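Given next are the chains, with one letter for each unit.
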Amino acid sequence: MGAAKLLKEKRPKIFRTSCATHTINLMLEGIGGLPRFKKVLDQEKQLTIFIYAHHKTLAMMRKFTNKRDIIRPGVTRFASAYLTLQSLSEKKEQLRHMFSSNKWEECKFSNAVKGRSSHTLVTGSTFWAGVVLCLKVFSPLVKVLRMVDADWKPSMGFVYGEIQKAKKEIIDALGGNKKAYEPIINIISKKMKDGVGIVGDGQGTDELGQSSRTRELLDEDFASGSEEEVFEEVDYELDGVHIMKECGDKE
């Protein structure tokens, strides 16, 4: 971001974008840092570390899940955490059965502090309700993360539209409860503002910190509903130099 600041000073109207994958990952990490989500993520980490830390618990888990692992790697650290939550949700019944079985009672780790804590976590309902909530909130942004990290690279305007859709899906997932969704939307908007924009054009900015001209170009790109060519030249004067700038993708 240091280079971006230097460019702003020299070229106040320059159009810039940050790495989409990095920006969306920062959104997810920011949301994951909110208390209600951080608690669930910490519990997920605690549970998986306990299971994978001991040969007996790992072997037992694999037996009850038909040799399927819980931990799944993702394109980013947070994506891995999301995929692990998803995996836990899919194996909820198998894990509950495991922690309620005679084999667990016979396991020496069942009486350990972390063993009892893991048992309470899995057999209770609070943790699983938190997992469902996390998946509902994170899923829309993870979809966008997968899209921007794919071999096919969408244009910035298309990504912008997908993030707008993700925000609406998150609001719907939280039942339109403003108190619940507002901190999340604020995080997304802030990261968008940091990640893309035209600074100092004197046109005013929207809720994402983007100028009306930026919003217009992005909306034009996304409105087509596909990755068709969206090409426009913008003339402007800066430091006495006439610059032709291409906005959008030219295939």
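Note that the coordinates shown come from a computational prediction; the quantities given were computed from them, not determined experimentally. (Residues numbered from 1 in each chain as written. Predicted model: local features only at pLDDT ≥ 70, side-chain atom pairs only at ≥ 80, totals over all residues. Heavy atoms only, no water.)

**Overview of the overall build of the chain**
Reasoning step 1: Along its length, the chain carries 12 helices and four strands.
Reasoning step 2: Out of the 251 residues belonging to the chain, those deemed buried represent 44%.
Reasoning step 3: Within the chain, contacts between residues at least 6 apart in sequence are counted, and of these 62% link residues at least 24 apart.
Reasoning step 4: Counting every atom, the chain has about 13,700 Å² of accessible surface; 53% of that belongs to carbon and sulfur. (Helix = DSSP H or I, 4+ residues; strand = E, 2+ residues; numbered from the N terminus. Buried < 20%, exposed > 50% of the residue type's maximum accessible area, 1.4 Å probe, protein only. Contact = heavy atoms within 4.5 Å. Areas by Shrake-Rupley, 256 points an atom, 1.4 Å probe, with all protein chains shown as cover.)

**Re helix 2 (residues 20-32)**
Reasoning step 1: Taking 1.5 Å per residue as the helical rise, helix 2 with its 13 residues ought to reach 18 Å, and the 18 Å between its terminal C-alpha atoms agrees with that figure.
Reasoning step 2: Within helix 2, burial applies to Thr21, Thr23, Ile24, Asn25, Met27, Leu28, Ile31 and Gly32. (Expected span 1.5 Å × (residues − 1).)

**Focus on the layout of surface pockets**
Reasoning step 1: Computed from the structure, the largest pocket encloses a volume of approximately 430 Å³.
Reasoning step 2: Together, 17 residues line the largest pocket, and Leu41, Lys45, Arg77, Phe78 and Ala81 are the ones closest to its centre.
Reasoning step 3: Only helix 2, helix 3 (35-53) and helix 5 (77-90) provide two or more residues apiece to the lining of the largest pocket.
Reasoning step 4: Here the element with the most residues in the lining of the largest pocket is helix 3; it accounts for eight residues.
Reasoning step 5: Each residue belonging to the lining of the largest pocket can be placed in one class, and the counts come to six nonpolar, five polar and six charged. (1 Å grid on protein atoms, 1.4 Å probe; cavity = no way out; pocket = protein on both sides within 12 Å on 5 of 7 lines; lining within 4 Å. Points joined across faces, edges and corners; volume = space filled by probe spheres on them. Nonpolar A, V, L, I, M, F, W, Y, C, P; charged D, E, K, R; others polar.)

**Concerning the side chain of serine 118**
Reasoning step 1: Inspection of the secondary structure puts serine 118 in helix 8 (residues 113-123).
Reasoning step 2: Residue class for serine 118 comes out buried when judged on its relative accessible area of 0%.
Reasoning step 3: Among residues more than four places away in sequence, those in contact with serine 118 are Gln46, Leu47, Phe50 and Phe99.

**Points about unusual backbone geometry**
Reasoning step 1: The residue asparagine 66 is not glycine, and still its phi comes out positive at about 60°.
Reasoning step 2: Looking at the element boundaries, asparagine 66 is found in the loop between helix 4 (55-64) and helix 5.
Reasoning step 3: Of note in the backbone geometry, lysine 67 takes a positive phi value of approximately 65° without being a glycine.
Reasoning step 4: Within the secondary structure, lysine 67 is located in the loop between helix 4 and helix 5.

**Digging into the packing of aromatic side chains**
Reasoning step 1: Considering all chains together, one arrives at five aromatic pairs under this definition.
Reasoning step 2: Ring geometry for phenylalanine 127 versus tryptophan 128: centroids 5.1 Å apart, planes at 65°, classification edge-to-face. The same class applies to phenylalanine 127 and to tryptophan 128, which are both buried. (Phe/Tyr/Trp six-rings, centres within 6.5 Å; stacked < 30°, edge-to-face > 60°.)

**Comments concerning the packing of helix 5 against helix 6 (residues 92-99)**
Reasoning step 1: Axis separation between helix 5 and helix 6 bottoms out at 4 Å; the angle between their running directions is 65°. Relative to helix 6, the element helix 5 lies roughly perpendicular. Residue-level contacts link Leu88, Ser89 and Glu90 of helix 5 to Lys92, Gln94 and Leu95 of helix 6.
Reasoning step 2: Class assignment of the residues belonging to the contact of helix 5 with helix 6 gives a composition of two nonpolar, two polar and two charged. (Axes fitted to C-alpha atoms, helices over the stretch in contact; angles between N-to-C directions. Parallel < 35°, antiparallel > 145°, perpendicular 65-115°, else oblique.)

**Some points on helix 4**
Reasoning step 1: For helix 4, the complete set of buried residues consists of Thr57, Leu58, Met60, Met61 and Phe64. Projection of helix 4 onto a plane perpendicular to its axis shows the buried side chains occupying an angular sector of 165°, all on one side. Within helix 4, the exposed residues directed more than 90 degrees away from the buried face are His55 and Lys63.
Reasoning step 2: Where helix 4 is buried, its residues meet helix 3, helix 6 and helix 7 (102-106). (Arc of directions from axis to C-beta.)

**Some remarks on the pattern of salt bridges**
Reasoning step 1: Throughout the structure, instances matching the rule amount to six salt bridges.
Reasoning step 2: The salt bridge involving glutamate 162 is made with lysine 165; its shortest N-O contact spans 3.5 Å. With glutamate 162 and lysine 165 both in helix 10 (residues 156-173) and three residues apart, this pair spans about one turn of that helix.
Reasoning step 3: Overall, the relative accessible area of 39% leaves lysine 165 in the partly exposed class.
Reasoning step 4: Residues participating in the shared-partner salt-bridge network are Arg68, Arg72 and Glu90. (Salt bridge = Lys/Arg side-chain N within 4 Å of Asp/Glu carboxyl O.)

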